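Listed here are the chains, written in short residue letters.
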Amino acid sequence: MTSSSAQWIEGAACRSSDKEDLFADAARQNSARTVCFGCPVRIACLIEALDNRIEFGVWGGMTERERRALLRRRPHVTSWRQVLQAAQAAHEQSRAG
């Protein structure tokens, strides 16, 4: 993890979870990712995984397989922070309007 991790990791919903659940085999990853759905730092976590090409585990609600597919579809993205924060802002705006 990068040094920016310390800024968001304290608020992670999985902080008190068993880490084995987040780095489980593919069948158990789908249930592990439910911890992420209400997490206040979900986007920061996903940015961490995508920007650093973290290969294993559930990060930001995405499994290893989902992240690999996303990285293949968008190979030219160098910073996922802008992409995901823009998507989050658009989503919040559509919900408000």
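Our subject is the structure that appears above.
Scoring rules and cut-offs
Residues numbered from 1 in each chain as written. Predicted model: local features only at pLDDT ≥ 70, side-chain atom pairs only at ≥ 80, totals over all residues. Heavy atoms only, no water. Patch = residues over 30% accessible without salt bridge, like charges linked within 9 Å, V, L, I, M, F, W, Y side chains within 5 Å. Areas by Shrake-Rupley, 256 points an atom, 1.4 Å probe, with all protein chains shown as cover. Salt bridge = Lys/Arg side-chain N within 4 Å of Asp/Glu carboxyl O. Lys, Arg positive; Asp, Glu negative; His and termini not counted. Charge placed at Lys NZ, Arg CZ, Asp CG, Glu CD. Helix = DSSP H or I, 4+ residues; strand = E, 2+ residues; numbered from the N terminus. Buried < 20%, exposed > 50% of the residue type's maximum accessible area, 1.4 Å probe, protein only.

Comments concerning a positive patch on the surface
Phase 1: Taken together, the side chains of Arg65, Arg68, Arg72, Arg73 and Arg74 define a basic patch exposed on the protein surface.
Phase 2: Mapped onto the elements of the fold, Arg65 is located in helix 5 (residues 64–73).
Phase 3: When its relative accessible area of 66% is taken as the criterion, Arg65 is described as exposed.

Thoughts on helix 4 (residues 42–51)
Turn by turn, an α-helix covers 3.6 residues, leaving residues three or four places apart pointing in a common direction.
Phase 1: Taken residue by residue, helix 4 has Cys45, Leu46, Ile47, Glu48, Ala49 and Leu50 as its buried positions.
Phase 2: Downstream of helix 4 by a residue or two, Arg53 has a phi angle that is positive, lying close to 50°.

Topic: the pattern of salt bridges
Phase 1: On inspection of all chains with the given rule, the structure shows two salt bridges.
Phase 2: The shortest N-O distance in the salt bridge between Glu66 and Arg33 comes to 3.5 Å. Note that Glu66 is positioned in helix 5 and Arg33 in the loop between helix 3 (26–32) and helix 4, a separation of 33 residues in sequence.

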